[in-house]
Amino acid sequence: MSIEDKNFEQAVESFRGQMSGRVEERVLMKRYTTFRIGGLCELMVFPKETSELMSVIEYCEKHGLPWRVIGRGSNLLVIDEGLNEVVINVQEGLNRFEQRAEELVWAEAGIKLNRLVKLCSDIGLAGIEFCAGIPGTLGGALRMNAGAEGKEISDLVNWIEFYRYPEGRFIRKRQELRFEYRELHLNPKEVILSAELKLVKDKPENIRERIKRNLKHRRETQPVAYPSAGSVFKNPPGGYAGKLIEELGLKGMRIGDAQISELHGNFIINRGRAKAKEVLELIKIIQERVQREKGINLELEIELWEKR
Ligand SMILES: Cc1cc2nc3c(=O)[nH]c(=O)nc-3n(C[C@H](O)[C@H](O)[C@H](O)COP(=O)(O)OP(=O)(O)OC[C@H]3O[C@@H](n4cnc5c(N)ncnc54)[C@H](O)[C@@H]3O)c2cc1C
């Protein structure tokens, strides 16, 4: 038994002793990514409360165990060889929601965006409809500065609460946060616990109408019937990655079960048993062709999770 195996075994015992949430060993990451791709991870924990999340991180930090946080895994490509670390899954707990003032809501990081959009529309609060159909959590959306239709989640943020070991919990106001296109700059040890969002009043029926329109538009323009991780590349300044890929005739290209969507050039879909390796081969082909023929460097929007 290696030192690492022993460390993980001790961690399992400790987490099971102190958490009410699930603790699972040797979990297939493909079960927790929307791409349905990813090898085994040593340990996945599902904290039910912020206090459990914090004690897991504290344990990992004190015992030198690497860890990461996952929401709904909808922006991730996890390698086939898997991960040698503790993955902290916030999507089953940490999903409380409150209306804090007439136009202010607060929600925990694990809440699903679709649920958040619905809860807001039910109380007549608008502005977050562009998130309808984005299959992530609030925490993941903040970390990625998720956006659609020219809007970004950063537009709504009043403040975000974080946890970092050993400092503890702290709040950063909007003006202290560094948001960019599809990114919130964070120290890798900082975890988003919750956020307060500023919305605007509108009639629930108007909001629902916009949500319906947005979802219809997604169904018409994105390959929602297949597993994917959304847009693979960030749009380059002044252009669209999907359009460049289409212009090069790459739509429909397939390696194994990974295929560049015929509907949207910036999506790679999993047609069954796609491997991360196949997706990475397609990514390489796209990047090389776009660089060679258009002189543009396409940057990844999806995050690649490899062994560290
Ligand atoms: C069909 C489809 C459509 C999509 N459409 C869009 C779109 O229109 N616009 C868009 O922007 N994106 C889109 N995406 C991508 C993705 O859904 C978003 O980026 C989403 O916000 C990611 O949330 P998540 O919970 O799945 O994060 P994950 O994929 O689980 O994680 C993404 C990153 O966030 C970090 N993270 C997650 N939770 C926390 C936390 N609590 N604290 C700190 N870090 C955290 C993770 O460690 C990781 O680095 C789409 C994806 C799919 C599959």
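Residues numbered from 1 in each chain as written. Predicted model: local features only at pLDDT ≥ 70, side-chain atom pairs only at ≥ 80, totals over all residues. Heavy atoms only, no water.

> How would you summarise the overall build of the protein chain if you had to cite specific residues and measurements?
If you tally the helices and strands in the protein chain, you get 7 helices and 20 strands. Taking 19 Å as the expected radius of gyration for a compact globule of 308 residues, we find that the protein chain reaches 20 Å, a close match to that expectation. C-alpha extents for the protein chain along the principal axes are approximately 55 × 55 × 30 Å. The burial tally for the protein chain puts 51% of its 308 residues in the buried class. (Helix = DSSP H or I, 4+ residues; strand = E, 2+ residues; numbered from the N terminus. Rg over C-alpha atoms; globule rule 2.2 N^0.38 Å. Buried < 20%, exposed > 50% of the residue type's maximum accessible area, 1.4 Å probe, protein only.)

> So what's going on with the packing of helix α3 (residues 113-122) against helix α5 (residues 204-221)? Residues and values would help.
In contact at an axis separation of 8 Å, α3 and α5 are set at 150° when each is read in the N-to-C sense. By the angle between their directions, the pair α3 and α5 is classed as roughly antiparallel. Between α3 and α5, the contacting residues are V117, S121 and D122 on the first element and P204, I207, R208 and I211 on the second. Class assignment for the residues of the contact of α3 with α5 results in 4 nonpolar, 1 polar and 2 charged. (Axes fitted to C-alpha atoms, helices over the stretch in contact; angles between N-to-C directions. Parallel < 35°, antiparallel > 145°, perpendicular 65-115°, else oblique. Contact = heavy atoms within 4.5 Å. Nonpolar A, V, L, I, M, F, W, Y, C, P; charged D, E, K, R; others polar.)

> I'd love a proper account of the environment of S194, names of residues and values included.
Within the secondary structure layout, S194 lies in strand β15 (residues 191-198). Residue S194 is classed as buried on the basis of its relative accessible area of 2%. Considering only alpha carbons, one finds S194 and R100, 94 residues apart in sequence, at a separation of 13 Å. Once residues lying within four places of it in the same chain are set aside, the contact partners of S194 are W106, A107, E108, A109, W159, I160 and E161. Engagement of the side chain of S194 in a polar contact is seen with the side chain of W106, the distance being 2.9 Å. (Polar contact = N/O pair within 3.5 Å; in protein donor to acceptor, adjacent residues only side chain to side chain.)

> Please provide a residue-by-residue account of the site of the ligand, values included.
As a structural note, the neighbourhood of the ligand is formed by 33 residues, with V69, G71, S74, T137 and G147 the closest of them. At 2.6 Å from an oxygen atom of the ligand is found a main-chain nitrogen or oxygen belonging to V69. Take G73: an N or O atom from its main chain is 2.9 Å from an oxygen atom of the ligand. Contact with the protein chains covers 93% of the free accessible surface of the ligand, which is 970 Å². (Near = heavy atom within 4 Å. Areas by Shrake-Rupley, 256 points an atom, 1.4 Å probe, with all protein chains shown as cover.)

> An account of the domain arrangement of the protein chain is needed here, citing residue identities and associated values.
You can read the domains of the protein chain as domain 1 (3-89), domain 2 (97-220) and domain 3 (223-305). Here the C-alpha centroids of domain 1 and domain 3 sit 29 Å apart. Contact with domain 1, which involves 17 residues of that partner, is made by 19 residues of domain 3. Summed over both partners, the interface of domain 1 with domain 3 comes to about 1500 Å²; 64% of that surface belongs to carbon and sulfur atoms. (Domains from an automatic or database assignment. Buried area = accessible area lost by both parts, 1.4 Å probe.)

> Please provide a residue-by-residue account of the state of the cysteines, values included.
One way to say it: the disulfide is the covalent bond shared by the sulfur atoms of two cysteines. Within the structure shown, the criterion is met by 0 disulfides. Of all cysteine sulfurs in the structure, the one in C60 sits closest to C41, which takes part in no disulfide; the separation is 12 Å. (Disulfide = S-S within 2.5 Å.)

> How would you summarise the pairing of strand β12 (residues 168-173) if you had to cite specific residues and measurements?
Here 6 bridges tie strand β11 (residues 157-164) to β12, and the two strands are oriented antiparallel to one another. Opposite W159, over in β12, you have K173 as the bridge partner. Hairpin geometry of β11 and β12 is characterised by an intervening segment of 3 residues between the two adjacent antiparallel strands. (Pairing = 2+ DSSP bridges.)

> Could you give an account of the environment of A141, naming the residues involved and the relevant values?
Relative to the elements of secondary structure, A141 occurs in helix α4 (residues 138-144). With a relative accessible area of 3%, A141 lands in the buried category. Apart from residues no more than four positions distant in its own chain, A141 is found in contact with L113, A146 and I153.

> Kindly report on unusual backbone geometry, identifying the contributing residues and their values.
A cis amide bond links Y165 with the next residue in sequence, P166, at an omega value of 5°. Here P166 lies in the loop between β11 and β12. Even without a glycine there, the phi angle at R26 is positive, about 45°. You can call R26 exposed: its relative accessible area is 53%. A positive phi angle is found at N145, which is not glycine, with a value near 45°. Within the element layout of this structure, N145 appears in the loop between α4 and β9 (147-148). Classification of N145 by relative accessible area gives buried; the value is 0%.

> Help me get a handle on the nonpolar core, residues and values and all.
One recurring pattern in soluble globular proteins is that nonpolar side chains are buried together. Core analysis: the largest hydrophobic core is formed by 34 residues, its most contacted members being I128, L138, I160 and L197. Only β7 (104-108), α3, β8 (125-126), α4, β11, β15 and α5 provide two or more residues apiece to this core. It is α3 that contributes the most residues to this core, 4 residues altogether. L197 has contacts with E103, L104, V105, L116, I128, L138, L156, V157 and N158, leaving out every residue within four places of it along the chain. Formed by 24 residues, the second largest nonpolar core is a distinct cluster that contains A241, L244, I245 and L282. (Core = buried A, V, L, I, M, F, W, Y, C linked by side-chain atoms within 4.5 Å.)

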